[in-house]
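Listed here are the chains, written in short residue letters.
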Amino acid sequence: MSHWIILPIVLPAMLAPFIVLAARYHIGIQRVFSVAGILAQIALAIGLAWQAADGTVTLYQLGDWAAPFGIVVVADRLSTVMILLTSVLALFVLLYAIGSRWDERGRHFHALYQFQIMGIMGAFLTGDLFNLFVFFEVLLIASYGLMIHSGGNERLRAGVQYVLFNLIGSTLFLFALGSIYAETGTLNMADLANRVDLIGEEATVGIRVASVLLIMVFAIKAALVPLHFWLPSSYAEAPAPVAALFAIMTKVGAYAIIRVYTMVFPPELEATAGLHGLWLLPAALVSLALGAIGVLAAKKLDRLVAFSVISSMGMVMVSIAMFTQASITAALYYIVHSTFAAAALFLITDLARAGRRDLALTPQPVIAGATRTAGLFFIAAIAMTGLPPLSGFVGKLLILDAGFATDMATWIWAVILISSLVSVVGFARAGSVVFWKAQSIDPIDVEEGVDMTPPSALAYTAVGGLVAMLVAHTVLAGHTSGYADKIAAQLFAPDAYMSVVLDTPGKLSDGSYEDGEEY
Amino acid sequence: MEILVASAIGILTAAGIYLVLRLRTFPVILGISLLTYAVNVFLFASGRLAVGAPPILRDGVEVYADPLPQALVLTAIVISFGMTAVVVMIGLGAFLGSDTDRVDDPAEDAS
């Protein structure tokens, strides 16, 4: 049994208390350990992704207890790609936080950051629904701290909303888990898949309720309309690097839907057939449209970016809701794209703060470092709105193509194309007001306590790195979408995953190591 | 006993949802506490209600209570307790900073 799989969770779990206890007053040492931790995380993620690339599913049994009674951590193609995505994103965001000195504006940024990474990694790796809940809580409690990092009234108020909304979400999650356990007697995902399949036609009421409750919880995380209300103000008010890291948090919800609703409640399962497609696809289309309208209507740059996140999550969910192999492939390609694009835009929004009174979409004097910031905004906006030549366009094409196979094709095409146009208009207007019209304003009131220090080179490097990831995702689109197709193929043949989880021998409930067959 | 437990969960949930929909921080936090109590009892009941049955293996015992929900409830209690403490602190900070404990956005920034 390989112990490497648990390391992405254990490493930040050890590093965070070390940073709090040993390096509490030395921001320099905190930075070194934090960056080193994330670099090690990337190396681990590459190793695990390499291991899973040929389709191997690796299992780690905690305490050596056999599933379904023991807790398991499972690494397959999907989880390893998600942890690789998280660690690469975390590196650039961390570099930005250091470069822009956001980490000095409050205490314990680096420790909370590591805990946040731990929660996200755990959520991607766990093979057990209750542990998914626990890791959701770990990542949420760290995110509460990060969200209100460096304080301020607006931020605290947005923080209260964010925490309350997520607490209600967690309660719902527990209700869902309770109903699932009451119906099936297990919470291990592989075991659950077997048992849900056995439920007879006459007793499906409980499991149908549980399945809808569960998808609602994940939809809250994925900010699907009408459960998106927590997102705009919390993302807009959160410190920029935190908002950029949160770009992966909505994807945790999308990941959970992909994982649970391809394995435990697959589309062809009789007990829940037609239960999700009925409203998941319309809700996703509404999110997409509403996000685009929000982009057009936003009066501040940070809110505009937050609404573009809702729109791109709508796009991801449209693709997931079709539940075909082609559509999951498209969704995975788009998830990677949208994570980097959203993170880059949140950081660029912060860069645009240098020398502006606020982020309102009104002409204000030229900001410090305007050329570079404007250039980066231009590229990231092209990516986010899905214009050629960047990866947003490729992802959108894949989704549109997958849409052909469904009977909602007209709706999918119409909503995606029109909302893209609306987003383009919204971003073009924002860019021209913030960066272009600034040229015609006299820089008279610069002295009014506005900080005109240009952002540091490290901050630009970090944003540049994210943009470079988007470019790489476009240039290597053949490879990345090909691999996404392999991931989807593995997801639609969950038997290999289930047999690895359930058939690997381990310690039994009486403490013996006997062959598990007759037990 | 089933009726008692079921109606307790129902009443707690209903009261919790009503309070969560209020506009001020304090009732909302109380509502969330009630919801977490409700969900804890619900989780406990998800392993079937059994009176006087041991949850661990023993010689000569035929009827067992399901031990797993008890472990789940412990985890859920710890997490919800911690989360409530966090939200009280953040809510208090927001109230002291802005002199209002409303949870909604002020009208001018709801763009």
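Everything discussed here concerns the structure shown above.
Small disclaimer: the values here were computed from a predicted structure and weren't measured.

## Description of the overall build of chain B
Scanning chain B from N- to C-terminus turns up three helices and zero strands. In terms of overall dimensions, chain B is more spread out than a globule: its C-alpha atoms have a radius of gyration of 19 Å, far above the 13 Å expected for 111 residues. Relative to its full complement of 111 residues, chain B shows a buried share of 33%. Across chain B, every contact between residues at least 6 apart in sequence was considered, and the portion connecting residues at least 24 apart equals 52%. Of the accessible surface of chain B, which amounts to about 6,700 Å², a share of 71% is contributed by carbon and sulfur atoms. A distance of 6 Å separates the average location of the 5 positive side-chain charges in chain B from that of its 10 negative side-chain charges.

## Section: helix α12 (residues 301-321) of chain A
All names here are of chain A. Over its 21 residues, α12 runs 30 Å from end to end, which matches the ideal 30 Å to within 8%, given 1.5 Å per residue. Here α12 lies mainly inside the structure; 21 of its 21 residues are buried. Just downstream of α12, Phe 323 is the residue with a positive phi angle, here 50°.

## So, the environment of B:Leu68
Within the element layout of this structure, B:Leu68 appears in helix α3 (residues 67-98). Through-space distance from the C-alpha of B:Leu68 to that of B:Phe44 is 9.0 Å; in sequence the pair is 24 residues apart.

## A look at unusual backbone geometry
The phi torsion of most residues other than glycine is negative, and most of the peptide bonds are trans. At the junction of A:Val225 and A:Pro226, the peptide bond is cis and its omega measures out at 5° in the coordinates. The residue A:Pro226 is located in the loop between α8 (205-221) and α9 (231-237) in this model. Between A:Pro388 and A:Pro389 the backbone carries a cis peptide bond, its omega angle lying at 10°. With respect to the helices and strands, A:Pro389 occurs in the loop between α14 (370-385) and α15 (391-403). For A:Ser150, which is not a glycine, the phi torsion comes out positive at approximately 70°. Within the fold, A:Ser150 resides in the loop between α5 (129-147) and α6 (153-184). For B:Asp99, which is not glycine, the phi dihedral falls at a positive 60°.

## What to know about the interface of chain A and chain B
Taken residue by residue, the interface counts 30 residues in chain A and 38 residues in chain B. Taking both partners together, chain A and chain B bury about 3,000 Å²; carbon and sulfur atoms supply 75% of that area. Viewed at the interface, chain B and chain A are joined by zero salt bridges. For the side of chain A that touches chain B, the elements supplying multiple residues, two or more each, are α5, α6 and α12 of chain A. Of the residues forming the side of chain A that touches chain B, the biggest block, 18 residues, is contributed by α6(A). Among the residues forming the side of chain A that touches chain B, the class breakdown is 18 nonpolar, seven polar and five charged.

## Concerning a nonpolar patch on the surface
All names here are of chain A. A cluster of nonpolar side chains, contributed by Phe 18, Ile 29, Val 32 and Phe 33, occupies part of the molecular surface with about 330 Å² of accessible area. Here the element with the most residues in the nonpolar patch is helix α2 (residues 27-52); it accounts for three residues. Relative accessible area serves as the criterion here: at 36%, Phe 18 is assigned to the partly exposed category.

## Quick look at the pairing of strand β2 (residues 72-75) of chain A
Note on strand geometry: in a regular strand, side chains alternate between the two faces of the sheet. Residue and element names in this part refer to chain A. Of the two faces of β2, the one lined by Val 72 and Val 74 and the one lined by Val 73 and Ala 75 are each fully buried. Pairing between strand β1 (residues 58-61) and β2: four bridges, direction antiparallel. Looking at β2, one finds that Thr 58 is bridged to Ala 75.

## Considerations on the pattern of salt bridges
Residues and elements named next belong to chain A. This structure, assessed with the given rule, holds eight salt bridges over all chains. For Asp 103, the salt bridge goes to Arg 31, with nearest N and O atoms at 2.8 Å. With Asp 103 in the loop between α3 (77-99) and α4 (109-125) and Arg 31 in helix α2, the pair connects residues that are 72 residues apart, well separated along the chain. Judged on exposure class, the residue Asp 103 and its partner Arg 31 are both buried. Between Asp 76 and Arg 259 there is a salt bridge whose closest N-O contact spans 2.8 Å. On the criterion of sequence distance, the pair formed by Asp 76 in the loop between β2 and α3 and Arg 259 in helix α10 (residues 240-263) is long-range, its members being 183 residues apart. Accessibility classification places Asp 76 together with Arg 259 in one group, the buried group. Among the charged side chains, a salt-bridge network with shared partners connects Arg 31, Arg 101, Asp 103 and Glu 104.

## Describing the side chain of A:Thr474
All names here are of chain A. Turning to its location among the elements, Thr 474 is positioned in helix α17 (residues 457-475). Overall, the relative accessible area of 14% leaves Thr 474 in the buried class. A polar side-chain atom of Thr 474 sits 2.9 Å from the main-chain amide nitrogen of Ser 391. Thr 474 has contacts with Tyr 333, Pro 389, Leu 390, Ser 391 and Val 394, leaving out every residue within four places of it along the chain.

## Observations regarding the packing of aromatic side chains
Residues and elements named next belong to chain A. Enumeration according to the criterion identifies 19 aromatic pairs over all chains in this entry. Centre to centre, the rings of Phe 173 and Phe 218 are 5.7 Å apart; their planes meet at 85°, and the pair counts as edge-to-face. With Phe 173 in helix α6 and Phe 218 in helix α8, the pair connects residues that are 45 residues apart, well separated along the chain. On the accessibility criterion, Phe 173 (1% relative accessible area) is buried. Three or more aromatic residues link up through ring pairs in this structure, and these residues are Tyr 144, Tyr 162, Trp 230, Tyr 235, Phe 246 and Phe 346. Above the plane of the ring of Trp 102 lies Arg 105, whose end atom (NZ or CZ) is 4.0 Å from the centre. Positioned above the aromatic ring of Trp 65, the side-chain terminus of Lys 507 is 4.5 Å from the ring centre.

So, how was this worked out
Residues numbered from 1 in each chain as written. Chains lettered and ligands numbered in written order. Predicted model: local features only at pLDDT ≥ 70, side-chain atom pairs only at ≥ 80, totals over all residues. Heavy atoms only, no water. Helix = DSSP H or I, 4+ residues; strand = E, 2+ residues; numbered from the N terminus. Rg over C-alpha atoms; globule rule 2.2 N^0.38 Å. Buried < 20%, exposed > 50% of the residue type's maximum accessible area, 1.4 Å probe, protein only. Contact = heavy atoms within 4.5 Å. Areas by Shrake-Rupley, 256 points an atom, 1.4 Å probe, with all protein chains shown as cover. Lys, Arg positive; Asp, Glu negative; His and termini not counted. Charge placed at Lys NZ, Arg CZ, Asp CG, Glu CD. Expected span 1.5 Å × (residues − 1). Buried area = accessible area lost by both parts, 1.4 Å probe. Salt bridge = Lys/Arg side-chain N within 4 Å of Asp/Glu carboxyl O. Nonpolar A, V, L, I, M, F, W, Y, C, P; charged D, E, K, R; others polar. Patch = residues over 30% accessible without salt bridge, like charges linked within 9 Å, V, L, I, M, F, W, Y side chains within 5 Å. Pairing = 2+ DSSP bridges. Polar contact = N/O pair within 3.5 Å; in protein donor to acceptor, adjacent residues only side chain to side chain. Phe/Tyr/Trp six-rings, centres within 6.5 Å; stacked < 30°, edge-to-face > 60°. Lys NZ or Arg CZ within 6 Å of the ring centre and 35° of its normal.

That is the geometry; function is a separate question.
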